[in-house]
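Residues per chain, in single letters:
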Amino acid sequence: MRDPIRRGIAGLAKTRGGAGALVARKWKFFTPHFVGFGLYSMCGYGIMIWTPAYMNRVFEWDMAIVGPLSALMMMTGVFGGAALGATADRWFGKGRKDAHMRIYAIAALVQPMIVLLAISVNNPYAFIILYGCYHIMSSFTGVAAAALHLVTPNEYRGQVSAFFLLVFNILGLGLGPSAVAFLTTYVYADPLMVGWSIATVFLIVMPIASLLLWLGCGPMRREVEEMEQIQMQAA
């Protein structure tokens, strides 16, 4: 299969040093994006890994039931991701060039409230419903990737995406589950408090993620406008 024709190259002569230099030059966008969505990943992996243990310890449900049920609730993220992505596209089409960052800056403030409410209820069925509601608002990878592509020249999209995935996995897989385990073991010192450990991580981390994404909105607007000018010149 032939490689497609690359477009927009003429306007990128000032970008020297490859993808690394591009990220450094546009750090006001890439830093909030990488770290903000990386913190999303941290909370997402934390709740995903420890929810089965929470339901087993607190509600005394058998893991043979908890595992498939948790997976089923996570499937609601498919519909939520599609809905949030469509909303971001609609906002972007109306001129909000920062829509992909803005919508998740808002969602980052709603998620901790849903998680806190889910942990507070004593009914396992109410918890399952709220857990599904959380996943509706938690799917972000598609929109985050789209935001990168909107501001990154096509020659560097693969490498820039790799930088993003590195941060995504260090914060997500590296710190998310470990943060919940640390709080449960050394702060609350009670295996039954794993749910509150999850909630604590969300209450601390997600407002920071929201702030970072808000800070990235202005740079994203400017970078999108710059890319649109380059594409018009190359057309």
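Look a little higher up for the structure.
Fair warning: this is a prediction, and the values are worked out from it, not measured in the lab.

**What about unusual backbone geometry?**
Here's step 1: Of note, E60 is a non-glycine position whose phi angle comes to about 60°, a positive value.
Here's step 2: Along the chain, the position of E60 falls in the loop between α2 (27–58) and α3 (63–74).
Here's step 3: Phi is positive for A189, close to 55°, though the residue is something other than glycine.
Here's step 4: Mapped onto the secondary structure, A189 falls in the loop between α8 (157–187) and α9 (194–234).

**Examining the layout of surface pockets**
Here's step 1: Here the largest pocket is characterised by a volume of approximately 350 Å³.
Here's step 2: Every residue lining the largest pocket is counted, 17 residues in all, and those nearest its centre are G44, M48, H135, S138 and S139.
Here's step 3: Looking at the lining of the largest pocket, the elements with two or more residues in it are α2, α4 (76–93) and α6 (124–138).
Here's step 4: Considering every element that reaches the lining of the largest pocket, the biggest residue donor is α2, with 6 residues.

**Some thoughts on the packing of α2 against α6**
Here's step 1: Taken N-terminus to C-terminus, the directions of α2 and α6 make an angle of 165°; their axes are 13 Å apart at the nearest point. Viewed along their axes, α2 and α6 adopt a mutual orientation that is roughly antiparallel. Along this stretch, α2 crosses α6, giving a crossing that reads as left-handed. Every residue of α6 that contacts α2 at C43, G44, I47, M48, T51, Y54 and M55 is listed here: F127, I128, Y131 and Y134.

**Some points on α3**
Here's step 1: The end-to-end C-alpha distance of α3 is 16 Å, a good match for the 16 Å that 12 residues give at a rise of 1.5 Å each.
Here's step 2: All of the buried residues in α3 are V66, L69, S70 and M73. Viewed end-on, α3 has its buried residues packed into an arc of 105°, placing them on one side of the element. Among the exposed residues of α3, those pointing more than 90 degrees away from its buried face are A64, P68 and L72.
Here's step 3: Where α3 is buried, its residues touch α2, α4 and α6.
Here's step 4: Measuring from the side-chain oxygen of the N-cap residue of α3 to the backbone nitrogen of A64 gives 2.7 Å; that N-cap residue is D62.

**Observations regarding the side chain of E223**
Here's step 1: As for its position among the elements, E223 is in helix α9.
Here's step 2: A relative accessible area of 13% places E223 in the buried class.
Here's step 3: Here K26 takes part through its side chain, which lies 3.3 Å from a polar atom of the side chain of E223.
Here's step 4: For E223, the contacting residues outside a window of four places in its chain are K26, F29 and V151.

**A closer look at empty space enclosed by the protein**
Any space left empty among the atoms is revealed by the rolling of a water-sized probe across them.
Here's step 1: Evaluation of the coordinates by the stated rule reveals 1 cavity of 30 Å³ or more.
Here's step 2: Approximately 40 Å³ is the volume found for the largest cavity.
Here's step 3: Along the walls of the largest cavity sit I47, I114, V115, A118, I119, F127, L130, Y131 and Y134, which together make up its complete lining.
Here's step 4: Elements that contribute at least two residues to the lining of the largest cavity include exactly α5 (99–120) and α6.
Here's step 5: For the lining of the largest cavity, the residue count by class is 9 nonpolar, no polar and no charged.

**What about the environment of M74?**
Here's step 1: Mapped onto the secondary structure, M74 falls in helix α3.
Here's step 2: As a C-alpha pair, M74 and A86 span 12 residues in sequence and 19 Å in three-dimensional space.
Here's step 3: With residues up to four places along the chain from it excluded, the contact list for M74 reads M48, Y131 and H135.

**A few points about the packing of aromatic side chains**
Here's step 1: As enumerated under the stated definition, the model contains 19 aromatic pairs in all.
Here's step 2: Where Y131 meets Y134, the ring centres are 6.4 Å apart and the plane angle is 20°; that geometry is what we call stacked. Separated by 3 residues within a single helix, Y131 and Y134 lie in helix α6, roughly one turn from each other.
Here's step 3: On the basis of relative accessibility, which here comes to 3%, the residue Y131 falls in the buried class.
Here's step 4: For Y134, a relative accessible area of 3% gives the class buried.
Here's step 5: In textbook terms, an aromatic cluster arises when at least three aromatic residues are bridged by ring pairs, as seen for F29, F30, F34, F37, Y40, Y45, Y104, F140, F164 and F168.
Here's step 6: It is R96 that lies over the ring of W91; its NZ or CZ is 5.1 Å from the centre.
Here's step 7: The ring of F92 carries K97 above its face, with NZ or CZ at 4.8 Å from the centroid.

The rules behind these values
Residues numbered from 1 in each chain as written. Predicted model: local features only at pLDDT ≥ 70, side-chain atom pairs only at ≥ 80, totals over all residues. Heavy atoms only, no water. Helix = DSSP H or I, 4+ residues; strand = E, 2+ residues; numbered from the N terminus. 1 Å grid on protein atoms, 1.4 Å probe; cavity = no way out; pocket = protein on both sides within 12 Å on 5 of 7 lines; lining within 4 Å. Points joined across faces, edges and corners; volume = space filled by probe spheres on them. Axes fitted to C-alpha atoms, helices over the stretch in contact; angles between N-to-C directions. Parallel < 35°, antiparallel > 145°, perpendicular 65-115°, else oblique. Left-handed = near helix turned anticlockwise from the far one by under 90°. Contact = heavy atoms within 4.5 Å. Expected span 1.5 Å × (residues − 1). Buried < 20%, exposed > 50% of the residue type's maximum accessible area, 1.4 Å probe, protein only. Arc of directions from axis to C-beta. Polar contact = N/O pair within 3.5 Å; in protein donor to acceptor, adjacent residues only side chain to side chain. Nonpolar A, V, L, I, M, F, W, Y, C, P; charged D, E, K, R; others polar. Phe/Tyr/Trp six-rings, centres within 6.5 Å; stacked < 30°, edge-to-face > 60°. Lys NZ or Arg CZ within 6 Å of the ring centre and 35° of its normal.

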